[in-house]
Amino acid sequence: MGKNNSKMFNERRGTPVPTDPLASLLKDLLTAEELAALPRGWQVIGEVLLVHVPPVLQPKKALIADGLLKLYPRCKTVMETHRIAGEYRQPVFEKLAGDGTETLHKENYVVYKLDVAKVMFSQGNFYERQRMGTVGKGEKVVDMFAGIGYFTLPMAVHARPEKILAIELNPESYGYLCENVRLNHVEDIVEPVPGDCREKTPAGWADRAIMGYVGTTQEYLPWGIRALRPGGILHYHETTPDKLVFGRPIENIKNAAKVQGRSAEILETIKVKKYSPGVWHVVVDARID
Ligand code: SAM
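Here the structure is a predicted model, which is why all the values come from computation and not from measurement.

Colleague: Explain the packing of aromatic side chains residue by residue, including any values.
Modeller: Throughout the structure, instances matching the rule amount to seven aromatic pairs. Measuring from ring centre to ring centre gives 5.0 Å for Phe126 and Tyr127, while their planes differ by 80 degrees; the resulting arrangement is edge-to-face. An aromatic cluster of at least three residues, connected via ring pairs, comprises Tyr112, Phe121 and Tyr150. For the cation-ring pair, Lys271 lies above Trp280, with the distance from its terminal atom to the ring centre recorded as 4.5 Å.

Colleague: Would you mind going over the domain arrangement of the protein in detail, with residue names and values included?
Modeller: Considered domain by domain, the protein is made up of domain 1 (2-100) and domain 2 (122-288). A separation of 34 Å is found between the C-alpha centroids of domain 1 and domain 2. Taken residue by residue, the interface counts six residues in domain 1 and 10 residues in domain 2. Carbon and sulfur atoms make up 45% of the surface buried where domain 1 meets domain 2, a total of about 650 Å² over both sides. Together, Glu87, Tyr88 and Arg89 form the three largest contributors to the area buried by domain 1 at its contact with domain 2, with a combined 71%. Applying the counting rule to domain 1 against domain 2 returns zero salt bridges. Along the contact surface separating domain 1 from domain 2 lie one residue pair in polar contact (both at pLDDT 80 or more). The residue makeup of the side of domain 1 that touches domain 2, split by class, is two nonpolar, two polar and two charged.

Cut-offs used in this document
Residues numbered from 1 in each chain as written. Predicted model: local features only at pLDDT ≥ 70, side-chain atom pairs only at ≥ 80, totals over all residues. Heavy atoms only, no water. Phe/Tyr/Trp six-rings, centres within 6.5 Å; stacked < 30°, edge-to-face > 60°. Lys NZ or Arg CZ within 6 Å of the ring centre and 35° of its normal. Domains from an automatic or database assignment. Contact = heavy atoms within 4.5 Å. Buried area = accessible area lost by both parts, 1.4 Å probe. Salt bridge = Lys/Arg side-chain N within 4 Å of Asp/Glu carboxyl O. Polar contact = N/O pair within 3.5 Å; in protein donor to acceptor, adjacent residues only side chain to side chain. Nonpolar A, V, L, I, M, F, W, Y, C, P; charged D, E, K, R; others polar.

Structural data, given as structure tokens:
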């Protein structure tokens, strides 16, 4: 994530003397108020830069985008993402400068090919993707919401499970998932599966199940529990209001296990990232007996 530091103020004149490169680049083109409102951070995915532009700078966003392309010569496109929407969790965006949104993103020795305009890539999930690279060695794993391989690929590349069934509903993401399996040379481990995890998740097969979805993940818990052999590990993601963290996700897991006559032992609880004001993206690891 590109970061700008705080601006120094010139005591004599009391006006902002920009200390960050974007402000320095644009200081003769923007008013003091606009300089003070410049974005303080952005996301670089491969050769595509994503930035949020506040309302006061909307009339100048083309200028800002051109400035960012100058600061990041490796980038070919600047996009303003407005939100992530729908069942497929797709970005709603506006292209501000440059051309082309398909790119290769490299992270933790994993290559992800994706079209940033069509499929999400959450910088905030970096540590969880890295953590998934440390579990699963020699195991049978089902990734119920595989996307382009966000968790599947680091696990396959680094932990070397016996097999990962990577299930993905969105044909666009599924296409990139298949390509990314080839790009990372893990065809012998990962089997991409097109379709709905409620239909494609085998019962009682997996040592480990990843439920990397948000919004309505609790609705899919019956299939996540059923996927696991006794003693299997569940990674259950949820978007949870502050005051319900971790009580609600834990209760959801225990209730879903109980309905199937099974029990859940909570192993770990993690706050992955702040999802929105007052809401956390959390993951709870549980052993299901
Ligand atoms: N787990 C990744 C992470 O947190 O970085 C990203 C989650 S990814 C955006 C969620 C994926 O689940 C999307 O690609 C979406 O198309 C897929 N999806 C949604 N409903 C599904 C279902 N019923 N079965 C399989 N995949 C589904």
